[in-house]
Amino acid sequence: MDAEVIVVGAGPTGLMLAGELALAGVRVRIVERRDSPQRHSRALTLHPRSVEVLDQRGLAGTFLSQGKPVPGWHFAGLPTRLNFAALDGRHGYTLFLAQAQTERLLTEWVRGLGVPISRGAAVTGVSQDADGVAVTVGDTVLRAMYAVGCDGGRSVVREAAGIEFPGTDETLTGLLGDFAVVDASTLGRAESGGVLAVPLGDGTTRFVAVDPQRMREPSSTPVTLDEFRASLLRVCGTDFGVAEPRWLSRFGNATRLAARYRAGRVLLAGDAAHIHFPAAGQGLNTGLQDAANLGWKLAAAVHGWAPDGLLDTYHDERHPVGAAVTANTEVQTLLLELTLVGQYERPATALRTLLDDLLGIDVVNRRIAGAVSALDTRYGTSAEPLIGARMPDVALTSHASVYELLRGGSFALLTLTNAGPATGEVANWAGRVVLGATSAGSHPALAGVTEILVRPDGHVAWLSRDDQPASERTNALTVWAGEPASSTVKTTRGG
Ligand SMILES: Cc1cc2nc3c(=O)[nH]c(=O)nc-3n(C[C@H](O)[C@H](O)[C@H](O)COP(=O)(O)OP(=O)(O)OC[C@H]3O[C@@H](n4cnc5c(N)ncnc54)[C@H](O)[C@@H]3O)c2cc1C
């Protein structure tokens, strides 16, 4: 066997997943079509939940040192900003960081964890049988227990696994250009034309524009400098003096969501599972969070302790998130498109004004900010609101914080009764569960909670609100972290 898991694609999703798997002790290998890392950056944003996910692995400091936090964010380009700072979290901002940098930092992380990355290795086929998968790269067939397609929107893995990708083709395209030369004195005119103009920190300035006269051009049509200048002139009344393009590209609003995120031993994550218009910058973020959800579950399956059905919860939990993200980007794109189509311009502008007013209402702003930041992502439908939600990063008496305790990628069992970490039979899950303690009432959301089990991805698996019998905790550990290492512990399923 060449590896226990083969990750196809060294984009942000594949790198994050490979890191999660390696951290959990899985032999993982990345195969990547490109000979060298991608120089150009599509994405520029890491939203709050992504920064938290990185924080849970001790990586946030490195990313923060390279990026620029910007307060709040936009929805559909509406003037009233989403107030991420009002949400419950330590990272109430969007971290501006070019995708190439994100990939570079993640590559350093996975290399440090000993993950081999085979470059110039295009996967052409994947098959599976009861024992494992066979991944074809040129004349070579690599064998593993599982394969994960993190190979982007045109995923070969998805195709090979026979997973349908329903959705809609593109109807609208935008222009993207990175220019070494711009007339900085004109940049203030970008916003009024609805054009994004932002310095990338590498001496170039990124322009993103949707020009009503060019928005029906297919994304496959190459972009020329003359076309870009003409579009900027039409939309903003100036071409901003753009010259010396480093990258010109056209992107579209094709929107698709994989019907299944898992087909036996083959799984999908990131753009391989969902594509959409890059409205509010959510694609890369969603991919990182797919990886955080999948990594520990797949590791549990590889190590043989995954409880029944655990791996299937990856689809159950992340497919609805993909559906919600594709839906909100469609809403944003429709709003943009209507504004640009002459006959709808007036009512569409009125609709934008109405929505902008609504965004000024705190509760509405929080709702949309919670979705775009992904801080409100909650798995499952428990009547207990904390279950499935992300664990707040409270300070612990035993460790600096919950996120520090999660750095090794294990479950965390926290005692909140001032009694110190749990002992006794919990030792049977040593290696899968780490223990911590905090004082009662360390966070408003935890009022009345006496014990809490946090998953490796930082979501709450189980909690106890009063002196429940120890068997409840035993059941929760078994349901989530598998059978105890010692057979002396008796458990009842379904707890
Ligand atoms: C204009 C634009 C702006 C965007 N801005 C943002 C933003 O601000 N924020 C945000 O969150 N998202 C943004 N996105 C979306 C974001 O870029 C993607 O969601 C993100 O790149 C997805 O990461 P991924 O790793 O899943 O896939 P990709 O980045 O597509 O990586 C896939 C990798 O797989 C490799 N590969 C493909 N086929 C094979 C094969 N057969 N064998 C081996 N390797 C293969 C590729 O070479 C690539 O390295 C933007 C997108 C666009 C178009």
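Not measured: the values here are computed from a predicted model.

Novice: Would you explain the packing of helix α1 (residues 12-23) against helix α7 (residues 283-303) in this entry?
Specialist: When two helices pack together, their arrangement is captured by the angle between the axes and the distance separating the axes. Taken N-terminus to C-terminus, the directions of α1 and α7 make an angle of 25 degrees; their axes are 8 Å apart at the nearest point. If you check the angle between α1 and α7, you find them roughly parallel. The element α1 and its partner α7 pack so that their crossing is right-handed. In contact with Pro12, Thr13, Met16, Leu17, Glu20 and Leu21 of α1, α7 contributes Leu284, Gly287, Leu288, Ala291, Ala292, Leu294, Gly295, Leu298 and Ala299. For the contact of α1 with α7, the per-class residue count stands at 11 nonpolar, three polar and one charged.

Novice: I keep staring at the sheet that holds strand β11 (residues 167-168) and nothing clicks. Help me out?
Specialist: Two modes of strand pairing occur in sheets, parallel and antiparallel, and in both the strands are linked by backbone hydrogen bonds. Across the sheet, which stays open at both edges, the three strands sit in the order β11-β16-β19 with antiparallel pairing between neighbours. Each edge of the open sheet carries a strand with a single partner, namely β11 and β19 (274-275). Taken together, the two bridges between β11 and strand β16 (residues 255-257) define a ladder with antiparallel strand orientation. The residue bridging Gly167 from the neighbouring strand is Arg256, located in β16. Relative to β16, helix α8 (residues 312-340) is tilted by about 170 degrees, and along the sheet it contacts β11, β16 and β19.

Novice: What is the right way to look at the sheet that holds strand β5 (residues 94-96) in this model?
Specialist: In space, the three strands of this open sheet follow the order β3-β5-β4, with antiparallel pairing throughout. In this open sheet, the two edge strands, each paired with only one partner strand, are β3 (45-46) and β4 (68-70). Relative to β5, β4 is paired through three bridges, and the arrangement is antiparallel. From the neighbouring strand, Pro69 faces β5, where its bridge partner is Leu95.

Novice: Help me out: how do you make sense of the nonpolar core in this one?
Specialist: Side chains of a nonpolar character, in soluble globular proteins, are inclined to be buried together. Val5, Leu21, Leu46, Phe63, Val135, Val148 and Leu298 are the most contacted members of the largest nonpolar core, which has 70 residues in total. Sort the elements by how many residues they give to this core and α7 lands first, with nine residues. Phe75, Leu78, Leu87 and Leu200 belong to the second largest nonpolar core, which has 19 residues in total.

Novice: Is there a simple way to think about the site of the ligand in this case?
Specialist: Neighbouring the ligand are 31 residues, the closest being Thr13, Glu32, Thr45, Asp271 and Leu284. A distance of 2.8 Å separates an oxygen atom of the ligand from a polar side-chain atom of Thr13. Contacts to the ligand include Thr45, whose side-chain N or O atom sits 2.8 Å from a nitrogen atom. For the ligand, whose free accessible area comes to 990 Å², the fraction covered by protein is 90%. Of all elements in the fold, only α1 and α7 reach the threshold of two or more residues within the shell around the ligand. In terms of residue count, the dominant contributor to the shell around the ligand is α7 (three residues). Residues that form the shell around the ligand fall into these classes: 14 nonpolar, 11 polar and six charged.

Novice: What am I meant to see in the UniProt feature "domain: FAD-binding" (unreviewed entry) in the protein chain here?
Specialist: Annotation from UniProt places "domain: FAD-binding" (unreviewed entry) at residues 3-328. Structurally, residues 3-328 comprises 29% helix and 24% strand, and the distance from its first C-alpha atom to its last is 38 Å.

Novice: Got a minute to help me understand the side chain of Arg265 in this structure?
Specialist: Counting through the fold element by element, Arg265 comes out in the loop between β17 (262-263) and β18 (266-268). Within polar-contact distance, the side chain of Arg265 engages the backbone oxygen of Ala130 at 3.0 Å. In terms of polar contacts, Arg265 uses its side chain to reach the backbone carbonyl oxygen of Met145, at 2.9 Å. Sequence-distant contacts of Arg265, that is, excluding residues within four places in its chain, are made with Gln128, Asp129, Ala130, Asp131, Gly132, Val133, Met145, Tyr146 and Ala147.

About the criteria used
Residues numbered from 1 in each chain as written. Predicted model: local features only at pLDDT ≥ 70, side-chain atom pairs only at ≥ 80, totals over all residues. Heavy atoms only, no water. Axes fitted to C-alpha atoms, helices over the stretch in contact; angles between N-to-C directions. Helix = DSSP H or I, 4+ residues; strand = E, 2+ residues; numbered from the N terminus. Parallel < 35°, antiparallel > 145°, perpendicular 65-115°, else oblique. Left-handed = near helix turned anticlockwise from the far one by under 90°. Contact = heavy atoms within 4.5 Å. Nonpolar A, V, L, I, M, F, W, Y, C, P; charged D, E, K, R; others polar. Pairing = 2+ DSSP bridges. Core = buried A, V, L, I, M, F, W, Y, C linked by side-chain atoms within 4.5 Å. Buried < 20%, exposed > 50% of the residue type's maximum accessible area, 1.4 Å probe, protein only. Near = heavy atom within 4 Å. Polar contact = N/O pair within 3.5 Å; in protein donor to acceptor, adjacent residues only side chain to side chain. Areas by Shrake-Rupley, 256 points an atom, 1.4 Å probe, with all protein chains shown as cover. UniProt positions renumbered as here; feature names shortened; annotations may be inferred.

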